[in-house]
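Summary of the model geometry
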Amino acid sequence: MSGNRRGAPPKRDSIFELSKLMDTMVRVKCLGGRELRGVLRGYDDLVNVVLEDCDEFLRDPMDMQIVTDETRKLGKVVIRGTQVSLISPEDGTEEIANPFLGADDDGED
């Protein structure tokens, strides 16, 4: 008999390859819109994440949908995996214009 419990599905490998991002600067987007940037120091199978030297990107007080370049220092944080919607490397990423917005919908009045 193998080490699997009877009737238990076989354990699947995680689709996340966060090990490649260990000790590098990452950007984490959370449910609710919060965005954080810090050095990835740890994670687990539930995508609970530990960031060191973490900064939170603040929102525009006039329009809470807009994330500004202004930050506040948080230090070391633990983010519950249930709140994480995206983890990306900070290097090599850039914001692009939304291709689904028309020329008249660029957000400027």
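Since the model is a prediction, treat every value here as computed from it, not as a measurement. (Residues numbered from 1 in each chain as written. Predicted model: local features only at pLDDT ≥ 70, side-chain atom pairs only at ≥ 80, totals over all residues. Heavy atoms only, no water.)

1. Re the overall build of the protein
Check the secondary structure of the protein and you find 0 helices and 5 strands. Across the protein, helices and strands are ordered from the amino to the carboxyl terminus as β-β-β-β-β. For the protein, the residues scored as buried account for 22% of the 109 residues in total. Long-range pairs, those at least 24 residues apart, make up 42% of the contacts in the protein between residues at least 6 apart in sequence. Carbon and sulfur atoms make up 50% of the accessible area of the protein, which amounts to about 8,800 Å² in all. (Helix = DSSP H or I, 4+ residues; strand = E, 2+ residues; numbered from the N terminus. Buried < 20%, exposed > 50% of the residue type's maximum accessible area, 1.4 Å probe, protein only. Contact = heavy atoms within 4.5 Å. Areas by Shrake-Rupley, 256 points an atom, 1.4 Å probe, with all protein chains shown as cover.)

2. Details of the sheet that holds strand E1 (residues 25–30)
Each strand in a sheet pairs with another by means of backbone hydrogen bonds, the pair being arranged parallel or else antiparallel. Taken together, 5 strands build an open sheet; the order of strands is E4-E3-E2-E1-E5 and the sheet is antiparallel. In this open sheet, the two edge strands, each paired with only one partner strand, are strand E4 (63–79) and strand E5 (84–89). Each adjacent strand pair in this sheet contributes to an overall mean axis angle of 30 degrees, direction not counted. Pairing of strand E2 (residues 35–43) with strand E3 (residues 49–60), which is carried by 7 bridges, proceeds in the antiparallel orientation. The residue of E3 that forms the bridge with Glu35 is Phe57. (Pairing = 2+ DSSP bridges. Axes fitted to C-alpha atoms, helices over the stretch in contact; angles between N-to-C directions.)

3. Remarks on the pairing of E1
Burial of the side chains of E1 is restricted to one face: Val26, Val28 and Cys30 are buried, whereas none of Met25, Arg27 and Lys29 on the reverse face is. Of the strand pairs in this sheet, E1 and E2 are connected by 5 bridges, and their pairing is antiparallel. Paired with Lys29 across the two strands is Glu35, which belongs to E2. Here E1 pairs with E5 via 5 bridges, running antiparallel. Bridging across to E5, Val26 finds its partner in Pro89.

4. Examining the nonpolar core
What tends to happen in soluble globular proteins is that the nonpolar side chains get buried as a cluster. Val28, Leu40, Leu51 and Ile79 are the most contacted members of the largest nonpolar core, which totals 14 residues. Elements with a contribution of two residues or more to this core: E1, E2, E3 and E4. Residues contacting Leu40, with those up to four places away along its chain left out, are Leu18, Leu21, Met22, Asp23, Thr24, Val26, Val49, Val50 and Leu51. (Core = buried A, V, L, I, M, F, W, Y, C linked by side-chain atoms within 4.5 Å.)

5. Side note on the confidence of the model for the protein
Of the residues in the protein, 79% reach a pLDDT of 70 or more, and the chain-wide mean stands at 84. The secondary structure element of the protein with the lowest average pLDDT is E4, at 91, and the one with the highest is E2, at 96. (pLDDT = per-residue confidence, 0-100.)

6. Brief notes about the pattern of salt bridges
Scanning the model with the defined rule gives 10 salt bridges in all. When the shortest N-O distance is used, the salt bridge between Lys76 and Glu52 registers 3.5 Å. A residue pair is termed long-range when its members are at least 10 positions apart, and Lys76 in strand E4 and Glu52 in strand E3 qualify at 24 residues. Here Lys73 makes a salt bridge to Asp55, at a shortest N to O gap of 3.7 Å. Taken together, the positions of Lys73 in strand E4 and Asp55 in strand E3 put the pair 18 residues apart, joining distant regions of the chain. With relative accessibility at 59%, the residue Lys73 sits in the exposed group. One continuous salt-bridge network, built from bridges that share partners, spans Asp23, Arg41, Glu52 and Lys76. (Salt bridge = Lys/Arg side-chain N within 4 Å of Asp/Glu carboxyl O.)

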